2 protein chains.
Amino acid sequence: MTHPSPLFDDLDRKIVAALVENARTSFTEIGAAIGLSASAVKRRVDRMRETDVITGFTTTVRPAALGWRTEAYVEVYCDSAAPPRRLAEVVRNYPEIIAAMTVTGGADALLHVMATDVEHFEEVLERIRAEPFVRQTISYMVLSHLLTGSPEAGSAPPATATQ
Amino acid sequence: MTHPSPLFDDLDRKIVAALVENARTSFTEIGAAIGLSASAVKRRVDRMRETDVITGFTTTVRPAALGWRTEAYVEVYCDSAAPPRRLAEVVRNYPEIIAAMTVTGGADALLHVMATDVEHFEEVLERIRAEPFVRQTISYMVLSHLLTGSPEAGSAPPATATQ
DNA sequence: CATGAAATGCGTCGCCA
DNA sequence: TGGCGACGCATTTCATG
């Protein structure tokens, strides 16, 4: 068994859960909730930022309010010659691509794309298809979200580990 | 038409961009950067929270550090009888499903699933497939991320609007 | 109608026990 | 780790163009 694990314990988990739920919660309040002083909470948060358990604090917005009204997932099929990892460089040049990953299955990669409207999306798609080693794309336009907020990985999974 | 739109101007956009980049940035600092007082910034943030332009402040974590080491996208094909929207209720019972949406294309819905490992994922998949009106699923396991952080919708799209 | 300025209460952050 | 203290920030109230 793992020992009282000095690397990441239940207190850390509760702190992360609180910060995922609201990133602007004060250390004092978190400390009061879990029975720790504010300085102890700050130390733990600083350590988690250092070890990249916590990667940042961000704000969630309603994309439509900012003008992003069209969302899609795009499967990308690459030329068998080029490794899909090379898409990493390409993908950086598209502000419309908010996530990209290599996947198992028929396609080599999956892109998460945001656009202002369908016309804009079509334009982005044409640019992607014009990239050197992109052979084919298949798009899935998002119609509606069935899950609004993301309860997310803030909660603890069955078992836990580090790295 | 709408005039210089008091609803959402460039200052608001800059504030949102700053908060997306770091949700714990002080109003004072944001104000100094855009030429506004702290109270003015706070008022604008409060208003944006009220109108749901800003939906929350959250913390980004490295999922692997919390024990979520397996990620996948799952296409769901429903029985033609049941509307895919009914998946909304089902999906809520799965902490492993962090996003779900209806999409165009062959599948009715697309699920974003997180699990601790492949065994756990298989177990989740079996539960999903056992749901009443789920006819078929196709899974895409995520191998590696090509885009780490999400520059996201923090930046301004070509044109802007509200609602 | 939104802003800036001042006042108070609270949080943060470094230091020491 | 907790506690203390200085400083900075958030938040409210008030007056102004």
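It should be noted that the structure appears before, not after, this text.
It should be emphasised that the depicted structure is a prediction, and the values quoted were computed from it without experimental measurement.

Between chain A and chain B, the residue contacts involve 69 residues of the former and 68 residues of the latter. Here chain A and chain B share an interface that buries about 6,400 Å² over both sides, 57% of which is from carbon and sulfur atoms. Of all residues in chain A, Arg24, Leu66 and Leu146 of chain A give up the largest surface area on contact with chain B, accounting jointly for 13% of the area buried on that side. Counting across the interface, chain A meets chain B through zero salt bridges. At the boundary of chain A with chain B, the tally comes to 33 residue pairs in polar contact (both at pLDDT 80 or more).

Take the environment of alanine 107 of chain B next. All names here are of chain B. Positionally, alanine 107 belongs in the loop between β3 (97-103) and β4 (109-115). Each C-alpha atom of the pair alanine 107 and glycine 35 lies 49 Å from the other, and the pair is 72 residues apart in sequence. Sequence-distant contacts of alanine 107, defined by excluding residues within four places in its chain, comprise Glu75, Val76 and Tyr77.

The two copies are related by a screw motion: chain A maps onto chain B through a turn of 180 degrees and a shift of 0.0 Å along the axis, at an RMSD of 0.1 Å. Within this description, the copies of the chain are treated as partners about a two-fold rotation axis. When the interface residues of chain A are mapped onto chain B, 97% of them again lie at the interface, so the same face is used by both copies.

Every residue lining DNA strand C is accounted for by Ser26, Phe27, Thr28 and Lys42 of chain A together with Arg24, Leu36, Ser37, Ser39, Ala40, Arg43 and Arg44 of chain B. In the environment of DNA strand C, a phosphate oxygen lies 3.0 Å from a nitrogen or oxygen atom belonging to the backbone of phenylalanine 27 of chain A. Interatomic distance of 3.0 Å between a side-chain N/O atom of serine 37 of chain B and a phosphate oxygen of DNA strand C. If you list the elements that add at least two residues to the surface near DNA strand C, you get α2 (27-34) of chain A together with α3 (38-50) of chain B. It is α3 of chain B that provides the largest number of residues to the surface near DNA strand C, a total of four residues.

Moving on, we come to the protein's contact with DNA strand D. Taken together, the residues surrounding DNA strand D are Arg24, Leu36, Ser37, Ser39, Ala40, Arg43 and Arg44 of chain A together with Ser26, Phe27, Thr28, Ser39 and Lys42 of chain B. For DNA strand D, the fraction of protein-proximal atoms (within 4 Å) that sit in sugar or phosphate groups is 64%. At 3.0 Å, a side-chain N or O of serine 37 of chain A approaches a phosphate oxygen of DNA strand D. One of the side-chain N or O atoms of serine 39 of chain A is found 3.4 Å from a base oxygen in DNA strand D. Among the secondary structure elements, those contributing two or more residues to the surface near DNA strand D are α3 (38-50) of chain A together with α2 (27-34) and α3 of chain B. Looking at the surface near DNA strand D, the element that brings in the most residues is α3 of chain A, giving four residues. In the surface near DNA strand D, the residues fall into three nonpolar, five polar and four charged.

Calculation criteria
- Throughout this document, residue positions are counted from 1 along each chain, in the order its sequence is written.
- Chain letters start at A and ligand numbers start at 1, both assigned in the order the entries are written.
- With the structure being a predicted model, the display of local features is reserved for residues of pLDDT at least 70 and the display and counting of side-chain atom pairs for 80 or more, all residues being used for whole-chain, interface and lining totals.
- Note that water and hydrogens are dropped before the side-chain values are worked out from all heavy atoms of the structure.
- By the convention used here, residues are in contact when the closest approach between their heavy atoms is within 4.5 Å.
- Buried area is calculated as the accessible area (1.4 Å probe) missing from two parts once they are joined, with the contributions of both summed.
- Any Lys or Arg side-chain nitrogen found within 4 Å of a carboxyl oxygen on Asp or Glu counts as a salt bridge.
- In protein, a polar contact requires one atom able to donate a hydrogen and another able to accept it; more generally it is a pair of N or O atoms within 3.5 Å, and residues adjacent in sequence count only if both atoms are side-chain atoms.
- Put simply, DSSP marks the helices as runs of H or I at least four residues long and the strands as runs of E at least two long, and each gets a number from the N terminus on.
- Superposing copies: least-squares fit, C-alpha atoms only, residues required to have pLDDT of at least 70 in both.
- Whether a residue is near a molecule or strand depends on its heavy atoms: if one lies within 4 Å, it is near.
- Residue polarity is assigned by list, with Asp, Glu, Lys and Arg as charged and Ala, Val, Leu, Ile, Met, Phe, Trp, Tyr, Cys and Pro as nonpolar; anything else, Gly included, falls into the polar class.

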